[in-house]
Amino acid sequence: QVQLVESGGGLVQAGGSLRLSCAASGRGFRSYDMAWFRQAPGKEREFVATIVWSNGDTRYADSVKGRFTISRDNAKNTVYLQMNSLKPEDTAIYYCAAGVLTVAGTWMNFGSHYWGQGTQVTVSS
């Protein structure tokens, strides 16, 4: 069983920055890839970014490319999401996930096995 605990959400003005953290624990979590998803009110949950524990390979949704950075600290068993140049449309609950990343050319899919409880990010205009 893998446990994921997010932190770092809050209220920020447009153009500002936040850093989310996801502390991972439990048996075998290093065998999973990690990702961030988000869900805005009235919308489906969407993929934001992913990172491979073993080699640090990263991928991003087009909507956040160039503004968000996913990273990991192996010593702390923590994955981060640095969010810069935030926009009101980034407002959502952000979830950390552990799962399996599948890539074929430009196509990718993240199959989530475990989820954190989520952390609220609100960007005011």
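For clarity, every value in this text was computed on a predicted model and none was experimentally measured.

About the thresholds
- Residues numbered from 1 in each chain as written.
- Predicted model: local features only at pLDDT ≥ 70, side-chain atom pairs only at ≥ 80, totals over all residues.
- Heavy atoms only, no water.
- Helix = DSSP H or I, 4+ residues; strand = E, 2+ residues; numbered from the N terminus.
- Rg over C-alpha atoms; globule rule 2.2 N^0.38 Å.
- Buried < 20%, exposed > 50% of the residue type's maximum accessible area, 1.4 Å probe, protein only.
- Contact = heavy atoms within 4.5 Å.
- Areas by Shrake-Rupley, 256 points an atom, 1.4 Å probe, with all protein chains shown as cover.
- Salt bridge = Lys/Arg side-chain N within 4 Å of Asp/Glu carboxyl O.

Undergrad: Lay out the overall build of the chain in plain terms, naming residues and giving numbers.
TA: A tally of helices and strands in the chain yields 0 helices and 11 strands. In the chain, the order of α-helices and β-strands from amino to carboxyl end is β-β-β-β-β-β-β-β-β-β-β. Against the compact-globule benchmark of 14 Å for 125 residues, the chain has a radius of gyration of 14 Å, which places it among compact chains. Seen along its three principal axes, the alpha-carbon backbone of the chain occupies a region of about 40 × 30 × 25 Å. Expressed as a percentage of the 125 residues in the chain, the buried residues total 44%. Within the chain, residue pairs in contact and separated by at least 24 positions form 56% of the contacts whose partners lie at least 6 positions apart. As displayed, the chain offers around 6400 Å² of accessible surface, 47% of which is attributable to carbon and sulfur atoms.

Undergrad: Break down the pattern of salt bridges for me, with residues and values.
TA: Between side chains of opposite charge, a pair can form as their charged atoms come close. Taken as a whole and judged by the stated rule, the model has 5 salt bridges. E46 is paired through a salt bridge with R38; the nearest N and O atoms lie 2.6 Å apart. Its relative accessible area of 35% is what places E46 among the partly exposed residues. Close ionic contact of R67 with D90 constitutes a salt bridge, the shortest N to O distance being 2.8 Å. One end of the pair, R67, is in the loop between β6 (58-60) and β7 (68-73); the other, D90, is in the loop between β8 (78-83) and β9 (92-104), and 23 residues separate them in sequence. Grouping residues by exposure puts R67 and D90 together as buried. Each of R38, E46, R67 and D90 takes part in a single network of salt bridges with overlapping partners.

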